[in-house]
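Okay, here's what each chain looks like letter by letter:
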Amino acid sequence: MPTNSKGSASAGTIHSILGVLREVDVRPVRAAAEAPFVLAFFSQDLALAQHLTDLLYRGLRQHDIPPMRVCAAFPLGAPAQPTRIDIAVIVTRDDRDNSAELKLQHEFERARVPTLVCLIADAASPPPPRHQWLPASVTVLVAATPDGVIDDADATRHLVTAIRGLRAVDELSLARHLPAFRESVSRGLIEDTAIANAVYSFGSGILEINPVAGVPLNVADIVVLTKNQALMAYKVALAMGLNADFRQVMPQLAAVVGSGFLLRQTARSLIGLVPGFGLIPKVAVAFAGTYATGEMIYRWCAYGERVSGRALKDTYAAALARGKTIAQTLFQRRKNVATDKMGLITIARKQVHKEAAMLQVGDQIPDFALASDTAGEVRSSDLRGRRFVLYFYPKDDTSGCTAEACSFRDNLPDFSALDVPVYGVSPDTVTAHGKFRNKYGLTFPLLADPDHKVAEAFGTWVEKSMYGRKYMGIQRSTFVVGPDGRIEHVWEKVTPANHAKEVLAYLKGSPADAPQSKTATRKTTPRKAART
């Protein structure tokens, strides 16, 4: 691989890195990535099931077909089925008699086989019911044409998200055997490693403030962070289907890892002898260097190309800004915990990326894709071109959240008249959302954010306190997002009753006419759904 003085490490640095990497035992990582599994699709429409399996073999490189086929399609009720099934996918249409499919799903449930039900729905029809398929996971593929043809790109996104959500197969193995998973899994690895390196750098930096401890910790820091980046590089190579022999693939990636090594060397000079001096820049550089290095590795593995100097600079600058936010959060938390290194790392790892500043007017919203209890997967990219309301609430079926949801329910016709859809987001599961909806007759989609990543990205996942106990949770907040994906208006720490009227007044251009949530006295009365 060609190198240059700015974008890569010197030969001596690469030699040093490879010396460190020889100490890394990658055998468990390789074994997990190469472990075979069986992903079986079942459908009355065998051609459709076969088409869906073929989609999972389409990746960034059209010529890259894994040698081992782990996906197979079977007609419903086929006598010849694999004796071992790691994931079962039942494909059907929501407008047909699904008694045979339900019977098969119950058989898989009894056998403890993780099951995904893939419903093909008509775009003009109401969202299909899901409760009959519980406890199986459900994803909905909306037909792109009147004759039931699905959109391949949309179907692939839904399948990848839903199958990863089952957590039934190691993600490295999923990506190595199925090219459709490679981009999302690789980018997840890069993000996780960048955060882990930032957390470790912060923990070690606290002790490095002591000049006596600084010298040995500098050495240990470089070794640990280099190993983390090396493992990230190797895992991305495995996920992208490259040679699994560590000794062969790592020399090709060593120059890329080396550039991150030099960035960390720069970070070392930022640490001073005054408490706190240089700590935030050091952590930010650790995050940004790892993230930019990961991007270089991914591009090389995916396309065989080196990232241009300008593109790398832009990537690093954006990552550095995120790294500073993470570092500031960790530094603020430092005074509330013991100063021992491992204690800091443990607590900081739980807090990192969870107390970012709330997005404000003019900010571009982050990309997201969340499962809905009625509308399949809702993606921010699909909402471009129209205004919408996204409100975050703590928990289904609690008094405040019920009042807020019923307020939006009662005023939904007015939102519809303005062509502004409403989406509620909480950390609850899709199953919990369904129960909440059925109990109160809610008529707008509820989105499940169980790992609270979207809440974190919007800045609504914050530290809260109740009866002296501190915990992380949702700050009740509402965002109006414009057609360009930028935030038009924000309500922070809203009071639930009549909040929907506040939002409507803003959308109509008359915010002064809205009832003030903090002083409103009339409460929205929960209305249970009519029995049928």
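Residues numbered from 1 in each chain as written. Predicted model: local features only at pLDDT ≥ 70, side-chain atom pairs only at ≥ 80, totals over all residues. Heavy atoms only, no water.

Chemist: An account of the overall build of the protein is requested, with residue identities and associated values reported.
Modeler: What the protein contains, in helices and strands, is 16 helices and 14 strands. Within the protein, buried positions represent 52% of all 532 residues. Expressed as a percentage of contacts within the protein between residues at least 6 apart in sequence, the contacts between residues at least 24 apart total 70%. A total accessible area of about 24,300 Å² is found for the protein, and carbon and sulfur atoms account for 55% of it. (Helix = DSSP H or I, 4+ residues; strand = E, 2+ residues; numbered from the N terminus. Buried < 20%, exposed > 50% of the residue type's maximum accessible area, 1.4 Å probe, protein only. Contact = heavy atoms within 4.5 Å. Areas by Shrake-Rupley, 256 points an atom, 1.4 Å probe, with all protein chains shown as cover.)

Chemist: I'd like a description of the sheet that holds strand E5 (residues 137-142), backed by residues and values.
Modeler: Reading across from one edge, E2-E1-E3-E4-E5 is the order of the five strands in this open sheet, with parallel pairing throughout. The open sheet has two free edges, formed respectively by strand E2 (71-75) and E5, since each of these has just one partner strand. The average angle at which neighbouring strand axes cross in this sheet is 25°, direction not considered. Bridging between strand E1 (residues 39-43) and strand E3 (residues 87-93) involves five bridges; their strand directions are parallel. The partner of Leu39 across the bridge, within E3, is Ile87. Against the sheet, helix H4 (residues 99-110) touches E1, E3 and strand E4 (115-121), its axis set at about 165° to E3. (Pairing = 2+ DSSP bridges. Axes fitted to C-alpha atoms, helices over the stretch in contact; angles between N-to-C directions.)

Chemist: Can you break down the pairing of strand E8 (residues 388-392) residue by residue, with the values?
Modeler: Most of E8 is tucked away, with five of its five residues classed as buried. Of the strand pairs in this sheet, E8 and strand E13 (residues 477-481) are connected by five bridges, and their pairing is antiparallel. In the sheet register, Tyr391 faces E13, and the bridge partner there is Thr478. Sheet topology note: the E8/strand E9 (residues 422-426) ladder contains four bridges and is parallel. Bridge pairing in E9 links Tyr391 to Gly424. In this fold, E8 hands off to helix H13 (residues 399-417), which returns the chain to E9; that crossover is right-handed. (Right-handed = clockwise from strand over helix to strand, strands pointing away.)

Chemist: If you had to explain the environment of His489 to someone new, which residues and values would you point to?
Modeler: Structurally, His489 is set in strand E14 (residues 487-492). Spatially, the C-alpha atom of His489 lies 9.1 Å from that of Val503, the residues being 14 residues apart in sequence. Once you skip the residues sitting within four places of it in the chain, His489 turns out to touch Val361, Thr478, Phe479, Val480 and Tyr506.

Chemist: Outline the pattern of salt bridges, listing residues and values.
Modeler: All told, the structure shown has 17 salt bridges when counted by the stated rule. For the salt bridge of Glu488 with Arg387, the shortest nitrogen-to-oxygen distance reads 2.8 Å. Of this pair, Glu488 sits in strand E14 while Arg387 sits in the loop between strand E7 (377-379) and E8, and the two are 101 residues apart along the sequence. Overall, Glu488 belongs to the partly exposed group, its relative accessible area being 24%. (Salt bridge = Lys/Arg side-chain N within 4 Å of Asp/Glu carboxyl O.)

Chemist: Tell me what's going on with the sheet that holds strand E10 (residues 446-448), and back it up with residues and numbers.
Modeler: Strand order in the open sheet formed by seven strands is E7-E6-E10-E9-E8-E13-E14, with mixed pairing between adjacent strands. A strand with exactly one partner marks an edge of an open sheet, and here the two such strands are E7 and E14. If you compare each strand with its neighbour and ignore which way they point, the axes differ by 30° on average. H13 rests against E8, E9 and E13 of the sheet, and its axis sits at about 175° to E8. This element, helix H16 (residues 499-507), spans E8, E13 and E14 of the sheet and lies at about 155° to E14.

Chemist: Run through the packing of aromatic side chains, naming residues and quoting values.
Modeler: In this structure the tally under the stated criterion is 16 aromatic pairs. When the ring of Phe42 is compared with that of Phe108, the centres are 5.5 Å apart and the planes differ by 50°; the resulting orientation is tilted. Taken together, the positions of Phe42 in strand E1 and Phe108 in helix H4 put the pair 66 residues apart, joining distant regions of the chain. Side by side, Phe42 and Phe108 carry an identical accessibility label, which is buried. Measuring from centroid to centroid gives 5.2 Å for Phe392 and Phe458, while their planes differ by 50°, and the two rings are tilted. One end of the pair, Phe392, is in strand E8; the other, Phe458, is in helix H15 (residues 453-458), with 66 residues separating them in the sequence. Comparing Phe392 with Phe458, the two get one shared label, buried. Among the aromatic residues, those joined into a cluster by ring pairs are Tyr391, Tyr393, Phe408, Phe415, Phe436, Tyr440 and Phe444. Positioned over the ring face of Tyr57 is Arg69, at 4.2 Å from the centre of the ring. (Phe/Tyr/Trp six-rings, centres within 6.5 Å; stacked < 30°, edge-to-face > 60°. Lys NZ or Arg CZ within 6 Å of the ring centre and 35° of its normal.)

Chemist: For unusual backbone geometry, give the residues involved together with the corresponding values.
Modeler: Located in the positive-phi region is Arg167, a residue other than glycine, with phi close to 55°. Among the structural elements, Arg167 can be located in the loop between helix H5 (152-166) and helix H6 (171-177).

Chemist: Describe the nonpolar core, and please don't skip the residues or the numbers.
Modeler: Of all hydrophobic cores here, the largest spans 59 residues; its most connected members are Leu39, Phe41, Leu52, Leu56 and Leu178. For this core, the element with the highest residue contribution is helix H8 (residues 211-239), accounting for eight residues. Once you skip the residues sitting within four places of it in the chain, Leu52 turns out to touch Phe41, Val91, Cys118, Leu141, Ile150, Ala155 and Leu159. Grouped together as the second largest cluster of nonpolar side chains are 24 residues, Phe408, Tyr440, Val503 and Leu507 included. (Core = buried A, V, L, I, M, F, W, Y, C linked by side-chain atoms within 4.5 Å.)

Chemist: Got a sec to walk through the pairing of E1? Specific residues and values, please.
Modeler: Most of E1 is tucked away, with five of its five residues classed as buried. Residues Leu39, Phe41 and Ser43 line one face of E1 and the alternating positions Ala40 and Phe42 line the opposite face, and both faces are buried.

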